[in-house]
Amino acid sequence: MRLKKIYDSIAFRISFSIATVIAATTFAIGYLILGEEKRTLELELHKKGGILAHLISHHITEPILYEEKHEIFSMLKSSMMDDESLVVYAEVYNNERELIVSAYKDAASRNITLQPVNFEELINEIIVREDSSLDIYHISLPIISENPGPIGYLRLGITKKFLFATLARIKEKLLLFSGSVIFLGIMLGLWMARKILRPILILNKGVKRVGEGEVGVEIPLIGEGEIKELAKSFNMMSKKLKDLIHEIKAAQDNLIRTEKLYAVGEFSAGVAHEIKNPLTSIKMLMQTLEQKKQPMSSRDFTIIEGEINRIDTIVKEFLAFARPKKIEKTEVNINELLEEVITLTRPKMKQSRIELEKDFSSQIPVIKGNIDGLKQVFLNVVLNAIQAIEEGGTVRIKTGVNEKEAVILIKDDGMGIPEKNLKSIFDPFFTTKKEGTGMGLALAYNIISDHSGKLDIESKQGIGTTVKVALPL
């Protein structure tokens, strides 16, 4: 990971590009120089070979005229005695084109396979041919005397060994020079990259610090031209961003205070409205009894007790929502918990002739959660599904798991929720039921949020409703 980060950095890429250009340029120049040196040395070797061939032909002219083969052999052999001699073999032919004398520098030279001499080409000129299979040049020329004219032919083999040795020394020097140039070029490239990129790297660190929340940070104004202007612009932006965030935070704090006051007002109005109805019923009953001068009957007591219980329920739900107690989390088996909910609601389903379809995944693991809180959520959702079906429908409960969450789907084919009401279903005291308090889904939403989960509802009027609960594994 660290190597990839280095490879992806601009500094590495610029340094590598500079080093590559320098290396490619140096090797290209070295290759051209080596090629030119090779051509120069080959021309020089041709010239030396030609001079040596003319010199030998001049010295053996008289022995050929007198057919002194031993003298010819001695002269040819003497031209090969020195270790630095270029000649590796020599052949002398008479005017009738017959080989009369041949000499070799060493045993290896005797094994050289030679092509026949093309005497037709040797008319007052020297012929130099390169052997493609051997590291030698074949030099052929006519031996000419002043009075009789051509008296024979000479063929020499000139070795390239010294040419290759010279080229090897030149190559070593070029490699040493190229290595030095590349090393210095890389050092210079790194220095240039560091000098050019240092302001950018400092700017990058400044941007990271701002991204991590350290607004108002300033970076030193180094570099020249556009880079310096960029640093100035960054400092101005950072300062403005800090001021803007302070303004946003102040506005946010003010908004939160306003929202709290609004929420308190909404809650107060909701509680007052919900409590007012049972209190009104009790008050009207008491006034009727007083006007008629009648004592309270058992039926009157039952009505009053029911209305007081209703007030108690409203207050408890309000307190549970507005001041939730800290929940203790234990291991919860979702499938077993849903089975308990089904056991509690099955009589209600049978009464309304509602079919139950369940599809529980065996792969769903045990999660951390509050059993009572989750049971309250699922019980509330299943009861809502039952109430949404007038009669003779189906409730489907399915559990599953993905990479990060346990997913519970509760579907019904009831009347559905009107689209205009969907955005308000989690609001406290919002209800479309005559006997509802409007706190069930609001409490359910809070409980699932306390579990770091998600509660979503999709519904289409006349088709049904799907409630999706996702809890982290």
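In the block above lies the structure referred to throughout.
Being a predicted model, the structure only gives us computed values, none of them experimental.

## Focus: the pairing of strand β3 (residues 127–130)
A regular strand places its side chains so that they alternate between the two faces of the sheet.
Point 1. As defined by bridge partners, β3 adjoins strand β4 (residues 136–145) across four bridges and the pair is classed as antiparallel. The partner of Val128 across the bridge, within β4, is Ile139.
Point 2. Where β3 folds back onto β4 in an antiparallel hairpin, the turn is made up of five residues.

## Overview of the sheet that holds β3
Strand pairing in a sheet takes place through backbone hydrogen bonds and is either antiparallel or parallel in direction.
Point 1. Read across the open sheet, the five strands follow the order β2-β1-β5-β4-β3; overall the sheet is antiparallel. Two strands in the sheet have a free side with no partner beyond their single neighbour: β2 (99–104) and β3. Each neighbouring strand pair of the sheet contributes to a mean axis angle of 15°, computed without reference to strand direction.
Point 2. The sheet contacts of helix α4 (residues 69–78) involve β1 (87–94), β2 and β5 (149–159), and relative to β2 the element is tilted by about 30°.

## Digging into the pattern of salt bridges
Point 1. Tallied over the entire structure, the rule returns eight salt bridges.
Point 2. The salt bridge partner of Glu340 is Lys375, with a shortest N-O separation of 2.9 Å. Taken as a pair, Glu340 in helix α9 (residues 334–351) and Lys375 in helix α10 (residues 371–388) lie far apart in primary sequence, 35 residues in all.
Point 3. Lys454 is the partner of Glu405 in a salt bridge, and the nearest nitrogen-oxygen pair spans 3.4 Å. One end of the pair, Glu405, is in strand β10 (residues 405–412); the other, Lys454, is in strand β11 (residues 454–460), and 49 residues separate them in sequence.

## So, the nonpolar core
As a rule of thumb, nonpolar side chains are buried together in soluble globular proteins.
Point 1. Formed by 33 residues in total, the largest nonpolar core has its most connected members in Ile334, Phe378, Ile408, Ile410, Val469 and Leu471.
Point 2. At the level of elements, α9, α10, β9 (394–401), β10, α12 (440–450), β11 and β12 (464–472) are the ones that each hand at least two residues to this core.
Point 3. Once residues within four sequence positions are removed from consideration, Ile334 is found in contact with Ile364, Ile367, Thr399, Ile408 and Leu471.
Point 4. Formed by 27 residues, the second largest nonpolar core is a distinct cluster that contains Val101, Leu141, Ile143 and Ile158.

## Examining the sheet that holds β10
Point 1. Across the sheet, which stays open at both edges, the five strands sit in the order β7-β9-β10-β12-β11 with mixed pairing between neighbours. Bordering the open sheet on either side are β7 (355–359) and β11, each of which pairs with just one other strand. Strand-to-strand twist in this sheet, taken as the mean axis angle between neighbours without regard to direction, amounts to 10°.

## Remarks on the side chain of Lys160
Point 1. Mapped onto the elements of the fold, Lys160 is located in the loop between β5 and α6 (161–211).
Point 2. Residue contacts for Lys160: discarding those within four places in its chain leaves Leu45, Glu130, Asp131, Asp135, Ile136 and Tyr137.

## Topic: the packing of α10 against α12
Point 1. Two elements in contact, α10 and α12, have axes whose closest approach is 9 Å; the angle formed by their N-to-C orientations is 140°. Relative to α12, the element α10 is oriented oblique. Relative to α12, the crossing made by α10 is left-handed. In contact with Gly373, Leu374, Gln376, Val377, Asn380 and Asn384 of α10, α12 contributes Gly440, Leu441, Leu443, Ala444, Ile447 and Ile448.
Point 2. A per-class count over the contact of α10 with α12 returns seven nonpolar, five polar and no charged.

## What about the packing of α9 against α10?
Point 1. Between α9 and α10, the shortest axis-to-axis distance is 10 Å and the interhelical angle comes to 35°. Between α9 and α10 lies a crossing of right-handed hand. Touching Leu337, Leu338, Glu340, Val341, Leu344, Thr345, Lys348 and Met349 of α9 are Ile371, Leu374, Lys375, Phe378, Leu379, Val382, Leu383 and Ile386, all from α10.
Point 2. Here the residues of the contact of α9 with α10 sort into twelve nonpolar, one polar and three charged.

## As for α9
Point 1. Spanning 18 residues, α9 covers 26 Å between terminal C-alpha atoms, matching the ideal 26 Å at 1.5 Å per step.
Point 2. Taking the largest bend as the criterion, α9 deviates by roughly 45°, centred on Thr345, and proline Pro347 comes between one and four positions later.
Point 3. Burial in α9 covers these residues: Ile334, Asn335, Leu337, Leu338, Val341, Ile342, Thr345 and Met349.
Point 4. Capping the start of α9, Asn333 holds a side-chain oxygen 3.1 Å from the backbone nitrogen of Asn335, two or three residues further along.
Point 5. Looking one or two places after α9, you find Arg353, whose phi comes out positive at around 55°.

## As for the packing of aromatic side chains
Point 1. Tallying each qualifying case throughout the model produces zero aromatic pairs.
Point 2. Directly above the ring of Tyr137 sits Lys160, whose terminal nitrogen or CZ lies 4.8 Å from the centroid.

## Side note on unusual backbone geometry
Point 1. Phi is positive for Arg97, close to 70°, though the residue is something other than glycine.
Point 2. Tracing the chain through its elements places Arg97 in the loop between β1 and β2.
Point 3. On the basis of relative accessibility, which here comes to 37%, the residue Arg97 falls in the partly exposed class.
Point 4. Of note, the phi angle at Arg353 is positive, near 55°, even though the residue is not glycine.
Point 5. Of note, Arg353 is situated in the loop between α9 and β7.

Calculation criteria
- Residues numbered from 1 in each chain as written.
- Predicted model: local features only at pLDDT ≥ 70, side-chain atom pairs only at ≥ 80, totals over all residues.
- Heavy atoms only, no water.
- Pairing = 2+ DSSP bridges.
- Helix = DSSP H or I, 4+ residues; strand = E, 2+ residues; numbered from the N terminus.
- Axes fitted to C-alpha atoms, helices over the stretch in contact; angles between N-to-C directions.
- Contact = heavy atoms within 4.5 Å.
- Salt bridge = Lys/Arg side-chain N within 4 Å of Asp/Glu carboxyl O.
- Core = buried A, V, L, I, M, F, W, Y, C linked by side-chain atoms within 4.5 Å.
- Buried < 20%, exposed > 50% of the residue type's maximum accessible area, 1.4 Å probe, protein only.
- Parallel < 35°, antiparallel > 145°, perpendicular 65-115°, else oblique.
- Left-handed = near helix turned anticlockwise from the far one by under 90°.
- Nonpolar A, V, L, I, M, F, W, Y, C, P; charged D, E, K, R; others polar.
- Expected span 1.5 Å × (residues − 1).
- Bend = angle between axes of the 7 residues up to and from the residue.
- Polar contact = N/O pair within 3.5 Å; in protein donor to acceptor, adjacent residues only side chain to side chain.
- Phe/Tyr/Trp six-rings, centres within 6.5 Å; stacked < 30°, edge-to-face > 60°.
- Lys NZ or Arg CZ within 6 Å of the ring centre and 35° of its normal.

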